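Here's the letter readout for the chains.
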Amino acid sequence: MSSNQVDVKLLLAKCVGQKVKIPDLFALCPWDVEVSPWSEKLEREVELWRSRWIDDPTSLKRNRIVDPCLFARGVAPKAAFDELVIMSKWVAWTMALINNILSTAYDFGEFDDRPQEVTAHREQTIELFRQSLFNKSPSCVNPATTAPGYLTAQSVHEWAAVVGEKSISASLKNWTFEVFVNSCTAISRLQHEFDEGTILNLETYWNIRMDSSAFLPTLAVVLFTDQVAFPDWFFDHKLVRKAAELANTIIWITNDIASARYELQCKHVDNFIPLLVHHKGITPQEAVDEAGRATHQAYLDFEALEPQLTRLGESRGVAYEMQRFIASCRFACTGIFHWT
């Protein structure tokens, strides 16, 4: 047994089976929740997407259980129906990728000892997403040509081509592609570190998790549903990026708190809670409490940043656009809390 395996085994022994009290997420981040009404038509649209792109019965069942439509109705409660369909399909696709391609495939053998296929899947997904966003005629792109052999990669095109055709903000489209690429790359990196049995240091894990959470591309799709024409400079501005990062921090830490028990049972230590236990020599309950404080601090920092964002919007003549951005950051957080 390697030293890495010994370290992981010892860490699992410290964490698995320990009872902890999970904090109230809405107390950590007390923003108002708003969820649009349940829609049979929306559910039907997502089920049709599943029927085209998920051919494994177990994966299909899992995708239904995670309820992408509830997620979408919470993070984008103001969205019109057509945009809400795109939001829901994005969520369904993300869950299919993370829960099926990464977790199931890697844990149970589909991509075992085939790192070239992992790389190919990621690269084909990114390339198809790029074509879907930026091709002059996105709907004419053939997903099977760009991503042969990978249904999950091909299914990007169905919703991404609509984003490419209907987006009214070039800056949002560019930022969407940037954070999507970062997310796909980080998810693969995190899985690679798990496969290697690496216990990451806290700084490295934090940096990877800021991308692997997939929150930023989710926020980008939420902003697409608003159909707001953000100016060219918007997503390059340090205050806008800081706000998005703070909302991201709120979500990935609370996600790690909520999922720690399940991930530890699957022998995953690539989670903030066991890493705090390992590196700080604290108990699982103390780790959960520290993670909760970090979440609440991110909320306080976002609240402190909001007046600066408002002044920036007013000074640049984009007060409405800035308010929509701020509202979307909040809805993205509370919608995910409600879904969780």
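Please read these numbers as outputs of a predicted model, since none were measured by experiment.

**Some details on the overall build of the protein**
Each helix and strand in the protein was counted, giving 17 helices and 0 strands. For the protein, the C-alpha radius of gyration of 20 Å lies close to 20 Å, the compact-globule estimate for 340 residues. Along the first, second and third principal axes, the C-alpha set of the protein runs to 55 × 50 × 35 Å. Scored against the burial criterion, the 340 residues of the protein give a buried share of 55%. Once local pairs closer than 6 in sequence are excluded, the contacts in the protein between residues at least 24 apart make up 78%. For the protein, the computed accessible surface area is about 15,400 Å², with 52% contributed by carbon and sulfur atoms.

**Here we look at the environment of glutamate 158**
Tracing the backbone through its elements, the reader meets glutamate 158 in helix H10 (residues 156-166). Each C-alpha atom, one on glutamate 158 and one on tryptophan 90, is 9.6 Å from the other, the two residues being 68 residues apart in sequence. Beyond its immediate stretch of four places on either side in the chain, glutamate 158 contacts Trp49, Arg52, Trp53 and Lys89. At a separation of 2.6 Å, a polar atom in the side chain of glutamate 158 contacts the side chain of arginine 52.

**Considerations on the packing of aromatic side chains**
The full count for this structure, using the stated rule, is 24 aromatic pairs. Seen in terms of ring centroids, phenylalanine 26 and phenylalanine 337 are 5.6 Å apart; in terms of plane orientation they differ by 90°. Their pairing is edge-to-face. With phenylalanine 26 in helix H2 (residues 25-28) and phenylalanine 337 in helix H17 (residues 319-339), this residue pair connects regions lying 311 residues apart in the sequence. A relative accessible area of 29% places phenylalanine 26 in the partly exposed class. Centroid distance phenylalanine 230 to phenylalanine 234: 4.8 Å. Interplanar angle 45°. Geometry classified as tilted. An aromatic cluster of three or more residues is present, and its members are Trp90, Trp93, Phe129, Phe134, Trp159, Phe177 and Phe180. Residue placement shows lysine 41 over the ring face of phenylalanine 81; its charged tip is 4.7 Å from the ring centre.

**Things to note about the environment of alanine 260**
Counting through the fold element by element, alanine 260 comes out in helix H14 (residues 238-265). Counting along the chain gives 24 residues from alanine 260 to proline 284, while the straight-line C-alpha distance between them is 9.9 Å. Among residues more than four places away in sequence, those in contact with alanine 260 are Asn271 and Ile273.

**Some points on the pattern of salt bridges**
Within the structure shown, the criterion is met by 15 salt bridges. With its nearest N and O atoms 3.9 Å apart, the salt bridge here joins glutamate 40 to arginine 44. With glutamate 40 and arginine 44 both in helix H3 (residues 40-53) and 4 residues apart, the pair spans about one turn of that helix. Given the relative accessible area of 52%, glutamate 40 is considered exposed. In this structure, glutamate 178 engages arginine 241 in a salt bridge whose closest nitrogen and oxygen atoms are separated by 3.0 Å. Remark: arginine 241 occurs in helix H14 and glutamate 178 occurs in helix H11 (residues 170-195); sequence separation between them is 63 residues. Salt bridges here are not isolated pairs; linked through shared partners, they connect Glu47, Arg50 and Arg64.

**Focus: the nonpolar core**
If you look at the biggest cluster of nonpolar residues, it comprises 77 residues, and the most contacted ones within it are Met87, Trp159, Trp175, Phe215, Leu219, Phe235 and Phe325. Here the element with the most residues in this core is helix H6 (residues 81-108); it accounts for 11 residues. Not counting chain neighbours up to four residues away, the residues in contact with tryptophan 175 comprise Leu216, Leu219, Ala220, Leu223, Phe235, Arg241 and Ala244. In terms of nonpolar packing, the next biggest core, distinct from the first, is built from 27 residues, Ile199, Leu200, Trp252 and Leu275 among them.

**Details of the packing of helix H13 (residues 215-226) against H14**
At a minimum axis separation of 9 Å, H13 and H14 run at an interaxial angle of 120°. The angle between H13 and H14 places the two elements in the oblique class. In this structure, the crossing between H13 and H14 has a hand that is right-handed. Of H14, the residues touching H13 (which contributes Phe215, Leu216 and Leu219) are Ala244, Ala247, Asn248 and Ile251. Counted by class, the contact of H13 with H14 contains 6 nonpolar, 1 polar and no charged residues.

**So, the confidence of the model for the protein**
Of the residues in the protein, 94% reach a pLDDT of 70 or more, and the chain-wide mean stands at 91. This stretch, residues 103-109, has a pLDDT under 50; its non-local contacts, to residues over four places away or in other chains, come to 19 contacts.

So, how was this worked out
Residues numbered from 1 in each chain as written. Predicted model: local features only at pLDDT ≥ 70, side-chain atom pairs only at ≥ 80, totals over all residues. Heavy atoms only, no water. Helix = DSSP H or I, 4+ residues; strand = E, 2+ residues; numbered from the N terminus. Rg over C-alpha atoms; globule rule 2.2 N^0.38 Å. Buried < 20%, exposed > 50% of the residue type's maximum accessible area, 1.4 Å probe, protein only. Contact = heavy atoms within 4.5 Å. Areas by Shrake-Rupley, 256 points an atom, 1.4 Å probe, with all protein chains shown as cover. Polar contact = N/O pair within 3.5 Å; in protein donor to acceptor, adjacent residues only side chain to side chain. Phe/Tyr/Trp six-rings, centres within 6.5 Å; stacked < 30°, edge-to-face > 60°. Lys NZ or Arg CZ within 6 Å of the ring centre and 35° of its normal. Salt bridge = Lys/Arg side-chain N within 4 Å of Asp/Glu carboxyl O. Core = buried A, V, L, I, M, F, W, Y, C linked by side-chain atoms within 4.5 Å. Axes fitted to C-alpha atoms, helices over the stretch in contact; angles between N-to-C directions. Parallel < 35°, antiparallel > 145°, perpendicular 65-115°, else oblique. Left-handed = near helix turned anticlockwise from the far one by under 90°. Nonpolar A, V, L, I, M, F, W, Y, C, P; charged D, E, K, R; others polar. pLDDT = per-residue confidence, 0-100.

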